[in-house]
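Listed here are the chains, written in short residue letters.
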Amino acid sequence: MQCNHCCVVLLTLGALLGVHGATSPHEVDLLNTMTMKKDLGWRSYPANGWEEISEIDDHNRPIRTFQVCNVLAPAQNNWLLSGYIERGSARRLLVELKFTLRDCASIPGTPGTCKETFNLYYVDADGPDDDAVPLPSPNEPRFRKIDTVAADESFTQVDVGDRVLKLNTEVRDVGSLSHPGLYLAFQDVGACVALVAVRVFYKRCPAEARGLARFPETPSGPDASALVGVPGKCAPHSQPEGPEPPGGPRMYCSADGEWLVPIGKCVCAAGYEDIGGECRACRPGFFKVFNDEATCKRCTAHSHAPHSASARCICERGHYRASNDPPDVPCTRPPSAPRNLLSLVNGTSVWLEWAPPKDKGGRVDLSYSISCLRCDDMSGTLLDVQRSCRPCGAGVRYWPTANGLREAAVLISRLTAHTNYSFKVQAVNGVSSKAGLQAVTPVNITTNQAAPSKILKIKRELNTKDCIVLAWLPPLQPNGEILEYEVKYMEKLSGNESVILSRAARVAVPGLQPGSAYLFQVRARTTAGSGPYSHQVEFSTLSASDAELSPVSVVGVCIAIITISVVLFIGCFILSRRHCGYSKAKQDEEKLQFQNGQVKAHGMKTYVDPHTYEDPAQAVKDFAKEINPSSIKIEKVIGAGEFGEVCSGHLKLSRRREINVAIKTLKGGSTERQRSDFLSEASIMAQFDNPNIIHLEGVVTKSKLVMIVTEYMENGSLDSFLRKRDGQFTVIQLVGMLRGIAAGMTYLSEMGFVHRDLAARNILVSSGLVCKVSDFGLSRVLDRRPEAAYTTLV
Ligand code: ACK
């Protein structure tokens, strides 16, 4: 039965609803029967099944309707086959159907064969070749069923005359498409249906710009749950930010055509800045280093950018960036030379101190480097001096360090005594290595005498039940000829202490208790004094029973060493006795004794009080050197002493060597007592040999003018020196001076000597700021009585 009233109704519906393809930006139509102007070319099987009724509406728009309504005939199998639909890049298509469907109950007299559904199929195709499509049949495997479509509750109600018609809209999706195109097929099995509009479309995420990242239009994924990951492309002169994600910015396109989950972004490249979503070149004079910086910055100090799009600014002449400087910091220069370099020589050490350079070069990483040259000749031309210099070598120690010094001071030690050195202090910063010539501040110094350094290694060569043979290496810094070694040893149990002297770096210690432990310490002595004691080492004698087993040769070697040492020492001792002429009392006090052929002395070498001499003139003869007055040249009077004037002058030591000296004179008409008291200071001074005690050169007693000649101290007495230069010393220099005085006093106390008049006026200061104790006119031998007391004058 053809349902003619249906046709009227459907036309009316089309006109009323105006269902023309107004799609969203997220949808792309591949087919829309409401907008296609040309003939659709759809085919019906059999010919009396689906029929097309096309009209043009009031707005000249086509309304194409396909209808079938063979509800009264049984076994209906009517097919409507669409034209070829090109899929393009879409993997999933949506089919939107707008249709009306009469319910069977509304058709009077319809048999039970009346249906209220129709079926939707599709056929994959590789191109628009209608002949390649098989005849529609549910048994044909190429016809793949999409769904059975029924009218649902959500239809639109339209009043048509005396009846209400319902317009259904149903959407079905066809996913995971792989062929280039497809055909749609509608199967009617006995319903009264009118297809008002068929639209085939796919969802897409429209092209989008997120910041500087551009995302292309992207069809949604192959199924309703798929997300399509899309890499973004960075705008010109921009690049992906950071290392993540590896492919740069990324977004996901959902099945609904919405962009989701943005990851990463693009940033303007170095030399470009982001202005309104575009990367524009930095102007000349401006730069942008990093990709993540927003805007170009003006060039930093001492740099310029002559071109646009500069990633960094070029340093001006004479200015640099250190290799680890970031490119956006100002350019800097090397520092100027250190200022006010001061040196303070103390024995074989020198303390250098300076003020920081005036110009630090605009940096904060200032440090200092010290270079050391040892020079033979400091008197000739600069070239002569330079020629005579050579690097100091590895033995010299720098505290805290020679390079990379942060403080403006360094202590240089382990220099050789009586040697010229030239030091250069260079201020260094991070760009010093980039600039050629460096500004340095030089200083020349001459070390003075110093005691030998510590003995480091002592070993036991042999031991018997009553003798231990020790040997050691000479000190690393002898600082002069070693006169003797002093071996101090103590029986561990009793604490009894003794001292043995030895000329060689080996000694046999006899007369020990069998099976006993002894602690040994050794120190060296030169004319500059004794060095520090070594660390204590412990060795034991053999027990009586062990000794019986020990070879005779051990004893033999012991005796041999003792014999050699004794021969050497006796020689010295006799010489020194001849020279010294000790008083009997003093000899007793020294308790020098020969034991088993060894010279053994208890305690330190002590000072001999000239007042204990029956004839004090003999003491002067014994201790002080007589100088020929013709070798002395008096230049000027520098002060007044207790017994006469004090002058400065020169002393000729040899044909080539002349030194500055101070000369104390005894005024004419002095009594014999005054003469003796005047010269007693020389007898005392002559016994001392220490860098912090004023050194006696000698005396003139055989001429009319009696003189005491000492080393010359350029800066005079400490009290006047401090007053003159008040506030000009650093704490370090003052501490250095104090240390010298303390060292001198320690030496005197070790000699068993009390000065009794230690005061700043009795300390003399050298040109190198070395302080030396002087004025021994009032000095006395240490009274060993415990109740002894001394008063000093201020
Ligand atoms: O303070 P001054 O310049 O240093 O004045 C006194 C003055 O002589 C009387 O003692 C100076 N004087 C003493 N001994 C020496 C010396 N060895 N070298 C330089 N000046 C000395 C002292």
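The structure under discussion appears in the preceding block.
Residues numbered from 1 in each chain as written. Predicted model: local features only at pLDDT ≥ 70, side-chain atom pairs only at ≥ 80, totals over all residues. Heavy atoms only, no water.

Peer 1: I'm lost on the overall build of the chain in this one. Help?
Peer 2: Summing up its helical and strand segments, the chain has nine helices and 55 strands in all. Burial statistics for the chain: of 794 residues in total, 47% are counted as buried. Counting only contacts in the chain whose residues sit at least 6 apart along the sequence, the fraction spanning at least 24 positions is 65%. Within the structure as shown, the chain displays about 39600 Å² of accessible surface, and the carbon and sulfur contribution to it stands at 53%. (Helix = DSSP H or I, 4+ residues; strand = E, 2+ residues; numbered from the N terminus. Buried < 20%, exposed > 50% of the residue type's maximum accessible area, 1.4 Å probe, protein only. Contact = heavy atoms within 4.5 Å. Areas by Shrake-Rupley, 256 points an atom, 1.4 Å probe, with all protein chains shown as cover.)

Peer 1: What should I look at first to understand the sheet that holds strand β31 (residues 367–375) in this one?
Peer 2: Each strand in a sheet pairs with another by means of backbone hydrogen bonds, the pair being arranged parallel or else antiparallel. Strand order in the open sheet formed by four strands is β32-β31-β35-β36, with antiparallel pairing between adjacent strands. Among the strands making up the open sheet, the edge pair consists of β32 (389–391) and β36 (440–446). Adjacent strand axes in the sheet meet at a mean angle of 30° when their direction is disregarded. Judged from the nine bridges that link them, β31 and strand β35 (residues 420–428) form a sheet pairing that is antiparallel. The partner of S369 across the bridge, within β35, is Q426. (Pairing = 2+ DSSP bridges. Axes fitted to C-alpha atoms, helices over the stretch in contact; angles between N-to-C directions.)

Peer 1: What is the right way to look at the packing of helix α6 (residues 616–623) against helix α7 (residues 672–685) in this model?
Peer 2: To describe two helices that pack against each other, one gives the angle between their axes and the distance between the axes. At a closest axis distance of 9 Å, the pairing of α6 and α7 adopts a crossing angle of 30°. By the criterion of interaxial angle, the relationship of α6 to α7 is roughly parallel. Along this stretch, α6 crosses α7, giving a crossing that reads as left-handed. For the pair α6 and α7, contact is made by P616, A619, V620 and F623 and by S676, L679 and S683, respectively. Classifying every residue of the contact of α6 with α7 gives five nonpolar, two polar and no charged. (Parallel < 35°, antiparallel > 145°, perpendicular 65-115°, else oblique. Left-handed = near helix turned anticlockwise from the far one by under 90°. Nonpolar A, V, L, I, M, F, W, Y, C, P; charged D, E, K, R; others polar.)

Peer 1: It is not clear to me how the state of the cysteines should be interpreted in this structure. Could you clarify?
Peer 2: Covalent bonding between the sulfur atoms of two cysteines defines a disulfide. The full count for this structure, using the stated rule, is 10 disulfides. A sulfur-sulfur distance of 1.9 Å marks the disulfide that ties C104 to C114. Across the disulfide from C104 to C114, rotation about the S-S bond amounts to roughly -85°, and the bridge is consequently left-handed. One end of the pair, C104, is in the loop between β7 (93–101) and β8 (117–125); the other, C114, is in the loop between β7 and β8, with 10 residues separating them in the sequence. The side chain of C282 participates in a disulfide bridge whose partner is C296; the two sulfur atoms lie 2.0 Å from each other. Between C282 and C296 the sulfur-sulfur dihedral comes to about -80°; the bridge is accordingly left-handed. With a gap of 14 residues between them, C282 in the loop between β24 (278–281) and β25 (286–287) and C296 in the loop between β25 and β26 (297–298) connect regions that are remote in the sequence. (Disulfide = S-S within 2.5 Å.)

Peer 1: Explanation requested: the nonpolar core in the structure shown.
Peer 2: Soluble, globular proteins show a tendency: their nonpolar side chains are buried together. Membership of the largest hydrophobic core comes to 36 residues, with the highest contact counts inside it found for F688, I708, L718, L748, F753 and F776. Element by element, the count of residues in this core is highest for α7, at five residues. Filtering out sequence-adjacent residues up to four positions away, F776 remains in contact with E681, I684, M685, F688, I693, I694, L748, F753 and H755. In terms of nonpolar packing, the next biggest core, distinct from the first, is built from 30 residues, V95, F99, L177 and L184 among them. (Core = buried A, V, L, I, M, F, W, Y, C linked by side-chain atoms within 4.5 Å.)

Peer 1: Help me out: how do you make sense of the site of the ligand in this one?
Peer 2: Near the ligand there are 13 residues, and of these A662, E711, M713, S717 and S720 occur at the shortest range. T710 has a polar side-chain atom sitting 3.3 Å from a nitrogen atom of the ligand. Residue M713 places a main-chain N or O atom 2.9 Å away from a nitrogen atom belonging to the ligand. In the complex, 76% of the free accessible area of the ligand, which totals 450 Å², lies under the protein chains. If you list the elements that add at least two residues to the shell around the ligand, you get β47 (632–640) and β51 (707–711). For the shell around the ligand, the element with the highest residue contribution is β47, accounting for three residues. Looking at the shell around the ligand residue by residue, the classes come out as seven nonpolar, five polar and one charged. (Near = heavy atom within 4 Å. Polar contact = N/O pair within 3.5 Å; in protein donor to acceptor, adjacent residues only side chain to side chain.)

Peer 1: Whenever I open this one, the packing of aromatic side chains confuses me. Can you help?
Peer 2: Centre-to-centre distance and the angle between the planes together describe a pair of aromatic rings. On inspection of all chains with the given rule, the structure shows 24 aromatic pairs. Between the aromatic rings of W472 and Y485, the centroid separation amounts to 5.3 Å while the plane-to-plane angle is 75°, which identifies the pairing as edge-to-face. Placement of W472 in strand β38 (residues 468–472) and of Y485 in strand β39 (residues 484–491) is noted, with a sequence separation of 13 residues between them. Residue Y485 is classed as buried on the basis of its relative accessible area of 4%. Positioned over the ring face of Y533 is R523, at 4.5 Å from the centre of the ring. (Phe/Tyr/Trp six-rings, centres within 6.5 Å; stacked < 30°, edge-to-face > 60°. Lys NZ or Arg CZ within 6 Å of the ring centre and 35° of its normal.)

Peer 1: Looking at this structure, I do not really get the pairing of strand β48 (residues 645–652). What am I missing?
Peer 2: Burial of β48 is extensive: six of the eight residues sit out of reach of the surface. Sheet analysis places β47 next to β48, joined by seven bridges and oriented antiparallel. In the sheet register, G639 faces β48, and the bridge partner there is V646. The loop that links β47 with its antiparallel partner β48 comprises four residues. The pairing of β48 with strand β49 (residues 658–665) spans seven bridges and is classified as antiparallel. Note on β49: the bridge partner recorded for V646 is K664.

Peer 1: Hey, could you run me through unusual backbone geometry in this one?
Peer 2: A negative phi holds for most residues other than glycine; trans holds for most peptide bonds. A cis amide bond, omega -10°, links Y45 with the succeeding residue P46. Within the fold, P46 resides in the loop between β2 (43–45) and β3 (51–56). Across the junction of W399 and P400, the peptide omega takes the value 5°, indicating a cis bond. Even without being glycine, A75 reaches a positive phi, approximately 50°. Inspection of the secondary structure puts A75 in the loop between β4 (62–69) and β5 (78–81).

Peer 1: Even after reading the chapter, I still don't get the side chain of S534, so can you show me in this structure?
Peer 2: When you line up the elements, S534 lands in the loop between β43 (529–530) and β44 (537–540). Judged by relative accessible area, which is 3%, S534 ranks as buried. Residue contacts for S534: discarding those within four places in its chain leaves K454, I455, I458, Q521 and V522.

Peer 1: Is there a simple way to explain a nonpolar patch on the surface in this structure?
Peer 2: Together, L227, L260, V261 and I263 line one region of the surface with nonpolar side chains, adding up to about 300 Å² of accessible area. Position of L227 among the secondary structure elements: in the loop between β16 (218–219) and β17 (228–231). (Patch = residues over 30% accessible without salt bridge, like charges linked within 9 Å, V, L, I, M, F, W, Y side chains within 5 Å. Salt bridge = Lys/Arg side-chain N within 4 Å of Asp/Glu carboxyl O.)

Peer 1: For this particular structure, what's the right way to read the pattern of salt bridges?
Peer 2: Two side chains that carry opposite charge are able to pair once their charged atoms sit near each other. Overall, the coordinates contain 26 salt bridges when judged by the stated rule. Across the pair R333 and D359 runs a salt bridge whose closest N-O atoms are separated by 2.9 Å. Of this pair, R333 sits in the loop between β28 (314–315) and β29 (339–346) while D359 is found in the loop between β30 (349–355) and β31, placing the two residues 26 residues apart along the sequence. Residue D359 is classed as partly exposed on the basis of its relative accessible area of 27%.

Peer 1: So what exactly am I meant to see when it comes to α7 here?
Peer 2: Each α-helix turn comprises 3.6 residues. Residues three or four places apart therefore point the same way. Counted at 1.5 Å a residue, the expected span for α7 with its 14 residues is 20 Å, and the 20 Å between its end C-alpha atoms agrees. For α7, the full list of buried residues reads F678, L679, S680, E681, A682, S683, I684 and M685. Buried positions along α7 lie against α6, β49, β50 (696–700), β51 and β52 (753–754). (Expected span 1.5 Å × (residues − 1).)

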